[in-house]
Amino acid sequence: MVTKKGTTEIDGIPETQWAVKVNEVYEGTLQAGSTTVINQTGGYDEDTNSLTLLEGDLPLQAGESYVFSTRKMSDRSWYTMVPVFGAQPVGSTTQPFPTAEDMDGDGKSTVGDHWKQMVRDQIEPDIGAGDAPDPTDEPSEQPSDVPTGSPEPTDPAD
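Only a predicted model underlies this, so the values are computations on that prediction, with no experimental measurement involved.

Trainee: Sorry, what's going on with the side chain of Thr80 here?
Mentor: Here Thr80 shows up in strand 7 (residues 79-81). Among the polar contacts listed, one links the side chain of Thr80 to the side chain of Trp78, at a separation of 3.3 Å. Leaving out residues up to four positions away in the same chain, Thr80 has contacts with Asn39, Thr41, Ser69, Thr70, Arg71 and Met73.

What follows is the structure in C-alpha cells.
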C-alpha cells in the first residue's frame, strides 16, 4: 500500500516520493513488513500548475497495492521506479492466477507465484554490441583535428 510522502525536483523534472509498506519481496534486500520510499519520476509542478509525466507513466494512487520494479538510488534514500512498467497494480498477491506455476508449493497458483516465476525466468535484453568504442580505447582524433565553432549559416535562396 502506498501513501504520498513528498515531492522534489531533479534536473528540472518533478519527482514524487511515496511511502510504501513492503508486503512481499520477490528480489532484492528489502524485508517484508518494512516501509521504504519509492520515487516516481514525474508529478505535479506547482510553479507551472501542470502535471509532468515521464513516457505517459500515470501517477501512483494512494491506498493501492503494486508490484514494483525499482533501482536503488545510492545518492538518495529511496528506490526509483522503472518508468511505465515499474508499478503493476495488484489487488492481492494471494488471488488465483491459473497460468502461474505453484512456486511456493502450497497447491495454489496465485498472483504472487506469477511474480516469483517472472523473477526466476527474467531474460537480459540483447541490445547488441553496437558500434561504440570500448571505454578504454583512445580517441582516433587529436583535439586539433576536431572542428570548432558553429558552421557558417547558409542562405536558403542559394
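Trainee: So what exactly am I meant to see when it comes to the nonpolar core here?
Mentor: Where a protein is soluble and globular, its nonpolar side chains tend to be buried together. Judged by nonpolar contacts, Val2, Trp18, Val20, Ile38, Leu60, Tyr66, Tyr79, Met81 and Ala87 together constitute the single largest core of nine residues. For this core, the secondary-structure elements that each account for two or more residues are strand 2 (13-21) and strand 7. Those residues within four positions of Leu60 in sequence are excluded, and the remaining contacts are Val2, Trp18, Gln40, Tyr66, Phe68, Met81 and Ala87.

Trainee: Explain the side chain of Gln40 here, please?
Mentor: Examined against the element boundaries, Gln40 turns out to sit in strand 3 (residues 35-45). Look at Gln40 and you get buried, because its relative accessible area is 4%. In terms of polar contacts, Gln40 uses its side chain to reach the backbone amide nitrogen of Leu60, at 3.2 Å.

Trainee: Looking at this structure, how should I read a nonpolar patch on the surface?
Mentor: Side chains of Tyr44, Leu51, Leu53 and Leu58 sit close together on the surface and give an oily, nonpolar patch of about 400 Å² of accessible area. For Tyr44, the position within the fold is in strand 3.

Trainee: Would you take a moment to explain the layout of surface pockets for this structure?
Mentor: To locate leftover empty space, one rolls a probe as large as a water molecule over the atoms. Quantified by volume, the largest pocket comes out at close to 900 Å³. Lining of the largest pocket is provided by 37 residues; of these, Tyr26, Glu27, Val67, Phe68 and Ser69 occupy positions nearest its centre. Those elements that place two or more of their residues in the lining of the largest pocket are strand 2, strand 3, strand 5 (66-68), strand 6 (70-72) and helix 1 (111-120). For the lining of the largest pocket, a count of residues per class yields 18 nonpolar, 13 polar and six charged. Put simply, the second largest pocket is a space of about 170 Å³.

Conventions adopted
- Residues numbered from 1 in each chain as written.
- Predicted model: local features only at pLDDT ≥ 70, side-chain atom pairs only at ≥ 80, totals over all residues.
- Heavy atoms only, no water.
- Helix = DSSP H or I, 4+ residues; strand = E, 2+ residues; numbered from the N terminus.
- Polar contact = N/O pair within 3.5 Å; in protein donor to acceptor, adjacent residues only side chain to side chain.
- Contact = heavy atoms within 4.5 Å.
- Core = buried A, V, L, I, M, F, W, Y, C linked by side-chain atoms within 4.5 Å.
- Buried < 20%, exposed > 50% of the residue type's maximum accessible area, 1.4 Å probe, protein only.
- Patch = residues over 30% accessible without salt bridge, like charges linked within 9 Å, V, L, I, M, F, W, Y side chains within 5 Å.
- Areas by Shrake-Rupley, 256 points an atom, 1.4 Å probe, with all protein chains shown as cover.
- Salt bridge = Lys/Arg side-chain N within 4 Å of Asp/Glu carboxyl O.
- 1 Å grid on protein atoms, 1.4 Å probe; cavity = no way out; pocket = protein on both sides within 12 Å on 5 of 7 lines; lining within 4 Å.
- Points joined across faces, edges and corners; volume = space filled by probe spheres on them.
- Nonpolar A, V, L, I, M, F, W, Y, C, P; charged D, E, K, R; others polar.

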